[in-house]
Amino acid sequence: MSALLKNVTNCIWHAFDSLQINQAVHKSKLKVLTANIGTLLDLYGVEKGLDHYRSSQELTFDEFRYYLQHEVFSSLPKTLNLPVAREYEKKISEVCWFVCKKNLLARDKPIFCDDSVFKLFRIFCLLADLVQDADDASHYVVVLQPSEAGIITEQLVHCLGLRWDAADWEALGSSIGHFKWTSFLAVLEAKYCCDQQLHSEALVEAVAEIYDVFIEDIIKKGYLFKRGYLLPTMREYWCVLQPCALTYYKSSSQKDQCGRITIDEYCSVEAAVGEGKIQRFQLITPERTFEFGTQDHKSRLQWLSALRQAAAVSGGADGYQRRARAGRRGAGARREQEVREARARLQLEVRARLAAEAQAQELAELAQQDNKKLEELKNAQAELERLLQEETQAKRDEEIVRALQARVLAEEWERREELERLQEEQNKMLEEERLKRKQFEMLQAEKEAQYREAERRLKELEKEKQNLDAELKAAQSKISQTEHNAHALHVQLRDLNPVLRNGERARRAISFVPTTKSSSDTLIDLRALRHLKTLHDEEKL
């Protein structure tokens, strides 16, 4: 069966690698290994065919694998159920481990026990790839991709209760590249399990837990209450859930199996309503319905989710982890396919470039031959080129002269247009200046006339002012003379002191004293004052 051989090829390669010398193993050693594998598969005498297989006494790994495929595993049935195939894988892995464990366990500071190392070895072989050696294409090596190694390491770190640093692992994976078994085990022991506070039992339990996840395909395990078929009581069992079955035992040691429920894609799980503290749910299979229960609601939700996942991935002849790895490899294969296609395109481009270079070389050789033939025509061609160059130069000079003439004419025409435009602007400005000058002259004549009129008026006003000043002085002298005469008359009247009845005659005499300032003189004085004020205002203006 090719599927079983494919699953154990990595383990067989490690056994072969521990036996080989110069990349080959003697048939006597391979006969022992083949006999043990045949015995595990209930096939006896399969090692005898090695004596007649190829004439050489040593076989390479490709030759030995070919023999196993066509002489040993081909005798198995075409289809094996998953538990039987898993049991065969376990037994073959133990035989191969027995052959190579001396080399694989050799290290300076061991931390894991031998049994834990064997479990890690099986996990490594499950997820690793058999690839050709980069240094020697005829030699194979089993390597683990950094992403797969990160999945194993992350599970182990979580089981130990430590913190997982994804960035640190990416840096480590990029520096190491592909992990061989020795480097993978060294990284686990030196970097993630070197803490002295970690107890050996904790390491054993952590490795056993990831072994159950990757090798046994255990999705979940724990205690569950199960309702009996004959007695309707809830009894507690230790349950182990795998994609193909739910197995329950009396205790967590998993020694006494009490029953096994087959799970396939036709199974379903539903929450049930129950009485008491037990949280119940039902597992519905095509044969019957099973009732289980948990201590709390959170555990019931976890089991419901795990059972649904088991039913969803129950199909297929391979285990759940192998299918998950195949899915991850499929994505990686698609990426590798894209890289290969890019490389193929690059190779095609390189080939096309080489072909173009070869064609260019051939053309260069033909060109050399043509150059030899054309050597005779070089002198004539040079003479013709010289004549043609002279004619071309003459035409260029003529074109240059014509171009210069055209440019000079164009510049002269532009200058003429510019001068005409400036002349028009100058004429326009002169016309405007003439108009402004006429307006200015008219305005100046008008101002001069106004000035002469104002000057004549000023002279008249000055004469009138002088006349008025003379009249004013005469009036003032008359007024002062009159006041003086009145004052003298008053003094004479006071000296005479006539006896008058009640003083009426005296008042009458004073009131009839003639004054030299009549009303006409007063009017003249007022007019003179007004005229002086007017003259004063005009002088200010």
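Cut-off values and rules
Residues numbered from 1 in each chain as written. Predicted model: local features only at pLDDT ≥ 70, side-chain atom pairs only at ≥ 80, totals over all residues. Heavy atoms only, no water. Helix = DSSP H or I, 4+ residues; strand = E, 2+ residues; numbered from the N terminus. Axes fitted to C-alpha atoms, helices over the stretch in contact; angles between N-to-C directions. Left-handed = near helix turned anticlockwise from the far one by under 90°. Contact = heavy atoms within 4.5 Å. Core = buried A, V, L, I, M, F, W, Y, C linked by side-chain atoms within 4.5 Å. Buried < 20%, exposed > 50% of the residue type's maximum accessible area, 1.4 Å probe, protein only. UniProt positions renumbered as here; feature names shortened; annotations may be inferred. Pairing = 2+ DSSP bridges.

Naming follows an unreviewed UniProt entry, where the chain appears as Differentially expressed in FDCP 6-like of Vanessa tameamea.

What follows concerns the environment of Lys31. Relative to the assigned elements, Lys31 resides in helix H2 (residues 27–40). Separated by 18 residues in sequence, Lys31 and Gly49 place their C-alpha atoms 9.0 Å apart.

A few words on the packing of helix H6 (residues 146–159) against helix H8 (residues 181–192). Two measures define how a pair of helices packs: the angle their axes make with one another and the distance between the axes. At their nearest, the axes of H6 and H8 sit 12 Å apart, and the two run at 35° to each other. H6 and H8 meet at a crossing whose hand is right-handed. Residues Ala149, Ile152, Thr153, Leu156 and Val157 of H6 form the contact with H8, whose own contacting residues are Phe184, Leu188 and Tyr192.

Our focus in this paragraph is the nonpolar core. Formed by 75 residues in total, the largest nonpolar core has its most connected members in Ile12, Leu41, Phe73 and Phe112. A per-element tally of this core places helix H5 (residues 114–127) first, with nine residues. With near-sequence residues (within four places) excluded, Phe112 lies in contact with Arg107, Val117, Leu120, Leu156, Leu185, Leu188, Glu189, Cys193, Leu203 and Val207. One finds Leu246, Ile261, Ile263 and Val269 within the second-largest nonpolar core, a separate group that totals 20 residues.

In this section: the side chain of His139. Checked against the element boundaries, His139 lands in the loop between strand S3 (129–132) and strand S4 (140–143). Discounting residues that sit within four places of it in the chain, His139 has contacts with Asp17, Gln20, Gln23, Val131, Gln132 and Asp133.

Here the UniProt feature "domain: PH" (unreviewed entry) sits at residues 217–312. The annotated region residues 217–312 carries 17% helix and 45% strand content, and the separation between its end C-alpha atoms amounts to 14 Å.

For strand S11 (residues 289–294), a buried count of five out of six residues is recorded, marking the element as mostly surrounded by other parts of the structure. Inspection of the sheet shows strand S5 (residues 220–227) paired to S11 by two bridges, in the antiparallel sense. Residue pairing across strands places Lys226 opposite Phe292, the latter belonging to S11. Across six bridges, the pairing between strand S10 (residues 279–284) and S11 is antiparallel. In the sheet register, Phe281 faces S11, and the bridge partner there is Phe292. Connecting the antiparallel pair S10 and S11 is a turn made up of four residues.

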